[in-house]
Amino acid sequence: MKVFFYGKLASAIGPQLEVPIKAPCSVGGLRRQLIATYPQVAESLQDDRVKAIVGETVVGDDHPLAAQDEVEFLAPVSGG
Amino acid sequence: MSVVARLADLSFDPAAELHELTRAAAGDGAVVSFVGLARPDTAEGAALEHLVLEHHPSLTQESLEEIARAAAERFDVSHIRVVHRCGSLTAGEPIVFAAAAARHRRPAFEAADYLMDRLKTEAVFWKREEGPLGSRWIEPREADYADRGRWE
């Protein structure tokens, strides 16, 4: 599954990863798998402000993922 | 009612934006604007080399439009205008222009205040300061989240 990262998450592990997942998988499951696999973003990924996006929409951790889905994780945003 | 929300990848002129808004607002009695500037020092007190604003290919523009529309719907204003930079800025450059025109001043002040509180905490950008001591990601402060909470 293609997973994309923005902001400080991308600085830590790059803008894109190909992550092997076992279906069925939820966004929360993917998040936990990334936390377990990549210690350098473990703390950041547990921040409530980190949003997951599928198909241009913010989704919760219970959102079910299909094999062809692409997930984006956005680090906490800061405008102005 | 008109809403302009623009992502600018090059330097923009706040005076020109204000001029445009004032021209469009002919007939209104009040125009209120805010300009955010890149400060010359980093959080560590060193000289800022660059302020970098990363953005998302589609969600950033959407977030600017959503915030501008929300201000137009919530307050009794006739025009909302938001311009926000992305890319690399140097000290003193304008980052954001947020403005409102209305028949009367109170809704114009409130709309501009609301725009900035939402832009600070919800506009889809990732901000980092680059200076002599390296690079540092900037996130909203507690006060920014508290200010955002005022509007709930």
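Please read these numbers as outputs of a predicted model, since none were measured by experiment. Residue numbering note: each chain is counted from 1, following its sequence as written. Labels follow written order: the first chain is A, the first ligand is 1, and so on. Confidence filtering applies because this is a predicted model: local features only for residues at pLDDT of at least 70, side-chain atom pairs given and counted only at 80 or more, and all residues used for totals across whole chains, interfaces and linings. To get the side-chain values, all heavy atoms of the structure are used, and hydrogens and water are removed first.

**Overview of the overall build of chain A**
Phase 1: Helix numbers and strand numbers start at the N terminus; a helix is a DSSP run of H or I with at least 4 residues, a strand a run of E with at least 2. A count of helical and extended segments in chain A gives 3 helices and 7 strands.
Phase 2: Reading chain A from its N terminus to its C terminus gives the helix and strand order β-α-β-β-α-α-β-β-β-β.
Phase 3: Values of the radius of gyration come from C-alpha atoms, whereas the globule rule sets the reference at 2.2 Å times the count of residues to the power 0.38. For chain A, whose C-alpha radius of gyration is 12 Å, the value lies close to the compact-globule estimate of 12 Å for 80 residues.
Phase 4: Each principal axis of the C-alpha atoms in chain A carries an extent, and together these give about 40 × 25 × 20 Å.

**Overview of the confidence of the model for chain B**
Phase 1: For every residue, the predictor assigns a confidence score, pLDDT, that lies between 0 and 100. Per-residue confidence for chain B gives a mean pLDDT of 96, with 100% of residues at or over 70.
Phase 2: Across the assembled chains, the prediction reports ipTM 0.93 with pTM 0.95.

**Here's the deal with the pattern of salt bridges**
Residue and element names in this part refer to chain B.
Phase 1: By definition, a salt bridge exists where a carboxyl oxygen of Asp or Glu is found within 4 Å of a side-chain nitrogen of Lys or Arg. Throughout the structure, instances matching the rule amount to 19 salt bridges over all chains.
Phase 2: For the salt bridge of glutamate 20 with arginine 23, the shortest nitrogen-to-oxygen distance reads 2.8 Å. With glutamate 20 and arginine 23 both in helix α1 (residues 14-24), this residue pair falls 3 residues apart, about one helical turn.
Phase 3: The class of arginine 23 is exposed, set by a relative accessible area of 52%. The classification of residues rests on relative accessible area computed with a 1.4 Å probe and restricted to protein chains. Under 20% of the type maximum is buried, over 50% is exposed, and intermediate values are partly exposed.

**Let's talk about the nonpolar core**
Across soluble globular proteins, you tend to see nonpolar side chains buried next to one another.
Phase 1: Buried residues of nine kinds, namely Ala, Val, Leu, Ile, Met, Phe, Trp, Tyr and Cys, make up a nonpolar core once their side-chain atoms join them within 4.5 Å. In this structure, Leu64(B), Val77(B), Ile80(B), Val82(B), Ile95(B), Leu115(B) and Leu119(B) are the most contacted members of the largest nonpolar core, which totals 34 residues.
Phase 2: The set of elements that each furnish at least two residues to this core consists of β2 (30-37), β3 (50-55), α2 (59-74), β4 (79-85), β6 (94-102) and α3 (105-122) of chain B.
Phase 3: At 7 residues, the largest contribution of residues to this core is made by α3(B).
Phase 4: With 32 residues, the next largest nonpolar core counts Phe5(A), Val41(A), Val50(A) and Val71(A) among its residues.

**Focus on the interface of chain B and chain A**
Phase 1: The contact definition used throughout considers only heavy atoms, calling two residues in contact when any of these lie within 4.5 Å. Every contact between the two is made by 25 residues of chain B and, on the other side, 15 residues of chain A.
Phase 2: Considering only the side of chain B, the residues that lose the most area to chain A are Trp126(B), Trp137(B) and Glu139(B), jointly responsible for 35% of the buried surface there.
Phase 3: Counting across the interface, chain B meets chain A through 2 salt bridges.
Phase 4: The closest approach of N and O atoms between Glu139(B) and Arg49(A), which form a salt bridge, is 2.8 Å.
Phase 5: Polar contacts, as counted here, are pairs of nitrogen or oxygen atoms within 3.5 Å of one another; within protein the pair requires one atom able to donate a hydrogen and one able to accept it, and residues that are adjacent in sequence qualify only if both atoms are side-chain atoms. At the boundary of chain B and chain A, one finds 13 residue pairs in polar contact (both at pLDDT 80 or more). Accessible surface is computed with a 1.4 Å probe, and the buried area is the amount of it that two parts give up when combined, taken over both parts together.

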